[in-house]
Amino acid sequence: MATDNTLPITVEFSGGLEMLFSNERKHSLSIPINDETGTRSNIAYLVRHLCENVMKDPRKDMFVLDGTVRPGILVLINDADWELEGEEKYEIQKGDNILFVSTLHGG
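Please read all numbers here as calculations on a predicted model, not as lab measurements.

Draft legend 1. Molecular detail of the packing of aromatic side chains. In the structure shown here, the tally under the stated rule is 5 aromatic pairs. Ring centres 3.8 Å apart and planes at 10 degrees place the aromatic pair Phe-13 and Phe-21 in the stacked group. With respect to burial, Phe-13 and Phe-21 carry one shared label: buried. Taking the centre distance of 6.1 Å and the plane angle of 75 degrees together, the rings of Phe-13 and Phe-63 count as edge-to-face. Of the two residues, Phe-13 is situated in strand β1 (residues 6–14) and Phe-63 in the loop between α1 (43–54) and β3 (64–65); the sequence distance between them amounts to 50 residues. Phe-13 gets classed as buried once you look at its relative accessible area, which sits at 0%. Using a relative accessible area of 0% as the deciding quantity, one classes Phe-63 as buried. By the ring-pair criterion, three or more aromatic residues cluster together here, those being Phe-13, Phe-21, Phe-63 and Phe-100.

Draft legend 2. Looking closely at the environment of Phe-21. Inspection of the secondary structure assignment puts Phe-21 in the loop between β1 and β2 (26–32). Overall, the relative accessible area of 0% leaves Phe-21 in the buried class. In this structure, the C-alpha to C-alpha distance between Phe-21 and Asp-61, residues 40 residues apart in sequence, is 13 Å. Excluding residues that lie within four positions of it along the chain, Phe-21 makes contacts with Phe-13, His-27, Leu-50, Val-54, Met-55 and Phe-63.

Draft legend 3. Looking closely at α1. Of all 12 residues making up α1, 9 are buried, and the element is well covered by its neighbours. Within α1 the residues assigned to the buried category are Ile-43, Ala-44, Tyr-45, Leu-46, Val-47, His-49, Leu-50, Cys-51 and Val-54. Capping the start of α1, Asn-42 holds a side-chain oxygen 3.1 Å from the backbone nitrogen of Ala-44, two or three residues further along.

Draft legend 4. Spatial organisation of the nonpolar core. Residues Ile-9, Ile-43, Leu-46, Leu-50, Phe-63 and Phe-100 are the most contacted members of the largest nonpolar core, which totals 28 residues. If you list the elements that add at least two residues to this core, you get β1, β2, α1, β5 (73–77) and β7 (97–102). Broken down by element, the residue count for this core peaks at 7 residues, all from α1. If we skip the residues at most four places from it in the chain, Leu-50 touches Val-11, Phe-13, Phe-21, Leu-29, Met-55, Phe-63 and Phe-100.

Draft legend 5. Representation of the sheet that holds β2. Pairing is mixed across the open sheet formed by 5 strands, whose spatial order is β2-β1-β7-β5-β6. The open sheet is flanked by β2 and β6 (80–81), the only strands paired with a single partner.

Draft legend 6. Quick peek at a negative patch on the surface. A cluster of acidic residues, Asp-81, Glu-83, Glu-85 and Glu-87, forms a negative patch at the surface. For Asp-81, the location among the structural elements is in strand β6.

Draft legend 7. Quick look at the pattern of salt bridges. Applying the stated rule across the entire model yields 2 salt bridges. A salt bridge links Arg-48 to Glu-36; its shortest N-O distance comes to 2.7 Å. Taken as a pair, Arg-48 in helix α1 and Glu-36 in the loop between β2 and α1 lie far apart in primary sequence, 12 residues in all. Asp-57 is paired through a salt bridge with Arg-59; the nearest N and O atoms lie 2.8 Å apart. Given the relative accessible area of 14%, Asp-57 is considered buried.

Definitions and limits used
Residues numbered from 1 in each chain as written. Predicted model: local features only at pLDDT ≥ 70, side-chain atom pairs only at ≥ 80, totals over all residues. Heavy atoms only, no water. Phe/Tyr/Trp six-rings, centres within 6.5 Å; stacked < 30°, edge-to-face > 60°. Buried < 20%, exposed > 50% of the residue type's maximum accessible area, 1.4 Å probe, protein only. Helix = DSSP H or I, 4+ residues; strand = E, 2+ residues; numbered from the N terminus. Contact = heavy atoms within 4.5 Å. Polar contact = N/O pair within 3.5 Å; in protein donor to acceptor, adjacent residues only side chain to side chain. Core = buried A, V, L, I, M, F, W, Y, C linked by side-chain atoms within 4.5 Å. Pairing = 2+ DSSP bridges. Patch = residues over 30% accessible without salt bridge, like charges linked within 9 Å, V, L, I, M, F, W, Y side chains within 5 Å. Areas by Shrake-Rupley, 256 points an atom, 1.4 Å probe, with all protein chains shown as cover. Salt bridge = Lys/Arg side-chain N within 4 Å of Asp/Glu carboxyl O. Lys, Arg positive; Asp, Glu negative; His and termini not counted. Charge placed at Lys NZ, Arg CZ, Asp CG, Glu CD.

Below is the structure:
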């Protein structure tokens, strides 16, 4: 439930990433407006939050590498490539939809 100190957002996973998140593709979350340092919550904070609080699978290395989203995972913020939005520095806004899509497939 969102309060004045939280941001309601939707986070989605596809391309196999949903397996790391209890096989749920869509998550409705409320995250703090500010991170633990008092800075506005951004994608970097969201990735940490997802790993620490939402991901149940122990294979965190399939989602993050060196503290950021693993290469081969596309991140869309409100249907726009995160590279156009500032990547992990993008400050999350109320109602944002953030989609993580894995392009890594076995074969």
